[in-house]
Amino acid sequence: MEHISLAVIGGTGVYKLAQLDDVSSHQVETRYGTPSGPIRVGTLLGQRVAFLARHGEGHSLPPHKINYRANLAALQQIGAQRVLALNTVGGITEHFGPRVLACPDQLIDYTWGRISTLCDEPGTDVLHVDFGHPYTPMLRSKVLAAAKVTGVRLQDGGCYGATQGPRLETNAEIARMRRDGCDLVGMTGMPEASLARELGLDYACLAIVANWAAGCGDGDEITMAEVLANVDAASSGLPELIGELARG
Ligand code: HPA
């Protein structure tokens, strides 16, 4: 098995990694089923990096239909130990406006009905993994250090609220999330983070703020065009940051 320095899971608007060279494609099967698409393994600024588009390369999978278990298990099977999750999100609080990149340190799970553990497979031990710090602190520190070295502005910390989707939230739901302490809202942060913990993978989130969440900012309607344009604009420094992270 090849050593992969870093696996990256791309979210809405990030369907491939720019500057990934020498790419080979891997169709991986796992005991949990098939991942969202092929895993692309290539060289990014000298490091071996794997990339998987969470929603599929044509964005065909809604958040509640993603096989999070298969995605993570497949990345582990091809030799990755560290996973950087790119998550497109809405911003709720002051420092998390559109085009901000953030590395949250907490999360609250509002999702339901998703397969959220490995333990329900026959013959599997029941795990009660520690999840007080849902993102691997050491990997988070490395993400922050890589951002510093590459001059990418990154908001350190924040609480990610994971909602069910695929619809966006009501103003009242976001007001409740703000009261709960959420800074960011997205639909794919869970159960990915806790499954990574169950699998023993190091896992950190790099959240790309695409819009003000419902009722925040000027209260305008949130459009997909706005989301994609902001993700694009905010993502320009990502290849350097990811290359640097893969090196460390
Ligand atoms: N809410 C939930 N998920 C999102 C949003 C949002 O406002 N923007 C991008 N992903």
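Thresholds, definitions, all that
- Residues numbered from 1 in each chain as written.
- Predicted model: local features only at pLDDT ≥ 70, side-chain atom pairs only at ≥ 80, totals over all residues.
- Heavy atoms only, no water.
- UniProt positions renumbered as here; feature names shortened; annotations may be inferred.
- Helix = DSSP H or I, 4+ residues; strand = E, 2+ residues; numbered from the N terminus.
- Contact = heavy atoms within 4.5 Å.
- Phe/Tyr/Trp six-rings, centres within 6.5 Å; stacked < 30°, edge-to-face > 60°.
- Buried < 20%, exposed > 50% of the residue type's maximum accessible area, 1.4 Å probe, protein only.

- With an unreviewed UniProt entry as reference, the chain is termed Probable S-methyl-5'-thioinosine phosphorylase, source organism Stenotrophomonas rhizophila.
- The chain has a UniProt comment under Sequence similarities (unreviewed entry) that states "Belongs to the PNP/MTAP phosphorylase family. MTAP subfamily."
- The UniProt entry for the chain carries this comment under Pathway (unreviewed entry): "Purine metabolism; purine nucleoside salvage."

1. Thoughts on the environment of F96
Then step 1. Mapped onto the elements of the fold, F96 is located in the loop between β5 (82–91) and β6 (101–103).
Then step 2. A C-alpha to C-alpha distance of 28 Å links F96 and G58, two positions 38 residues apart in sequence.
Then step 3. Filtering out sequence-adjacent residues up to four positions away, F96 remains in contact with G91, A102, Q155, G157, G158, D183, L184, V209 and W212.

2. Considering the packing of aromatic side chains
Then step 1. Inspection of the entire model under this criterion finds one aromatic pair.
Then step 2. Centre to centre, the rings of Y135 and Y203 are 6.3 Å apart; their planes meet at 15°, and the pair counts as stacked. Residue Y135 is found in the loop between β7 (106–109) and α2 (137–150), and its partner Y203 is found in strand β11 (residues 202–212); the two are separated by 68 residues along the sequence. Neither residue differs from the other here; Y135 and Y203 are each classed as buried.

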